[in-house]
Amino acid sequence: MTQYLEQIRLDGKVALVSGAARGLGAEVAEALLQAGACVMLTDVLDTLGAETAERLAKAYGDRAAFLRHDVTREADWAAAVEGTLGHFGGLDILVNNAGIETAALVVDCELEDFQRTMAINVDGVFLGIKHALGAMRPGGACGRGGSIINLSSVAGLIGMPSLTAYCASKGAVRLMTKATAIESARLGYGVRINSVHPAIIKTEMGANVVNNLVRVGLAPDEASADAYVESLHPLGYGQPRDVASAVLFLASPASAWMTGAELVLDGGASAC
């Protein structure tokens, strides 16, 4: 008899969550800790990241730790994976969460801003997959398979005004996920790779979406922008826990037959 409640447990597993100093990353880290995993939180925000890890360690013991990590630097990825292996003795789950949003009308978007968006949102995910997969596959430093979850967005599925750079980056994450998932499966690596596509979540980044609509002239004021954005979601705004729960599912044995899939969390926005 299958013990279904045990299927979402992560006891004995080790996870690395990028961009985990705050917001969705911190919420995801806590969800994985609650399920029994050891979690390495990484971020470029040194002080805040260390504080978040310390707060979580008070609740979950020495299963939470922090490393400084710039996802655009390959050397940092190698160090983050090596540091996770050294500290916790393995790597079973990678959550590519680190990302930024660039809002600008396309005619006003600076090439430098577009390239920075792609560097963090696309290069960072590519490097994460590359180095985690190298450790997780047979013969790797850990070599026991695992799960990689890439944070894309509903903006990686549909176009949105003023978010050209962001949409391009998240669309790239969607197809990178599918390509690497199939490659991993065909080669028998035992690593599943899936993407999560949230719409607007009540975080600092979500608030920026609303404010940026006013800044670029697509809404007259913040109240109007907020009402418009919320109206796009039949179920209303999402919460960090909604994304963390989905990531937990994809990290766990409950999703063992899922790879190359896109899990849409948008309160019905893309169904309209």
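It should be noted that the structure appears before, not after, this text.
The numbers attached to residues start from 1 for each chain and follow its sequence in the written order. Only residues with pLDDT of at least 70 get local features here, since the model is predicted, and only at 80 or more are side-chain atom pairs given and counted; chain-wide, interface and lining totals rely on the full set of residues. Excluding hydrogens and water, the side-chain figures rest on all heavy atoms present in the structure.

Caption draft 1: Highlighting the overall build of the protein. In terms of regular secondary structure, the protein is built from eight helices and seven strands. Atoms counted for the radius of gyration: C-alpha only. Globule rule: 2.2 Å times residue count to the power 0.38. Here the protein has a C-alpha radius of gyration of 18 Å; the compact-globule value for 272 residues is 19 Å, and the two agree. The classification of residues rests on relative accessible area computed with a 1.4 Å probe and restricted to protein chains. Under 20% of the type maximum is buried, over 50% is exposed, and intermediate values are partly exposed. For the protein, the residues scored as buried account for 50% of the 272 residues in total. Contacts: residue pairs with any heavy atoms within 4.5 Å of one another. Relative to all contacts within the protein whose residues are 6 or more apart in sequence, the contacts with residues 24 or more apart total 72%. Working note: accessible area of the protein is about 12,500 Å², and carbon and sulfur atoms make up 54% of it. This count recognises Lys and Arg as positive and Asp and Glu as negative, with His and chain-terminal groups excluded. Charge positions come from single atoms, namely NZ of Lys, CZ of Arg, CG of Asp or CD of Glu. Side-chain charges in the protein split into 20 positive and 29 negative, and the spacing between the mean points of these groups amounts to 7 Å. Here a strand is any run of E in DSSP of at least two residues, a helix any run of H or I of at least four, and the numbering for each starts at the N terminus. To measure how exposed things are, a 1.4 Å probe is used in the Shrake-Rupley method; for residues, cover is taken only from the protein chains shown.

Caption draft 2: Quick peek at the environment of Val28. Tracing the backbone shows Val28 in helix H1 (residues 23–34). Put simply, Val28 and Ala244 are 216 residues apart on the chain and 4.5 Å apart in space, counted from C-alpha to C-alpha. For Val28, the residues in contact, after removing those within four places along its chain, are Val17, Val95, Ala244 and Val247.

Caption draft 3: Inspection of the pattern of salt bridges at higher detail. For this document, the term salt bridge refers to a Lys or Arg side-chain nitrogen within 4 Å of an Asp or Glu carboxyl oxygen. Counted under the stated rule, the structure contains eight salt bridges. For the salt bridge of Arg9 with Asp11, the shortest nitrogen-to-oxygen distance reads 2.8 Å. For Arg9, a relative accessible area of 31% puts it in the partly exposed group. Residue classification places Asp11 among the partly exposed residues on the basis of a relative accessible area of 49%. When the shortest N-O distance is used, the salt bridge between Glu262 and Arg174 registers 2.6 Å. Here Glu262 is found in strand E7 (residues 262–265), whereas its partner Arg174 is found in helix H5 (residues 164–186), with 88 residues between them in sequence. Classification of Arg174 as partly exposed rests on a relative accessible area of 24%. One connected set of salt bridges, linked through shared partners, spans Arg174, Lys178 and Glu262.

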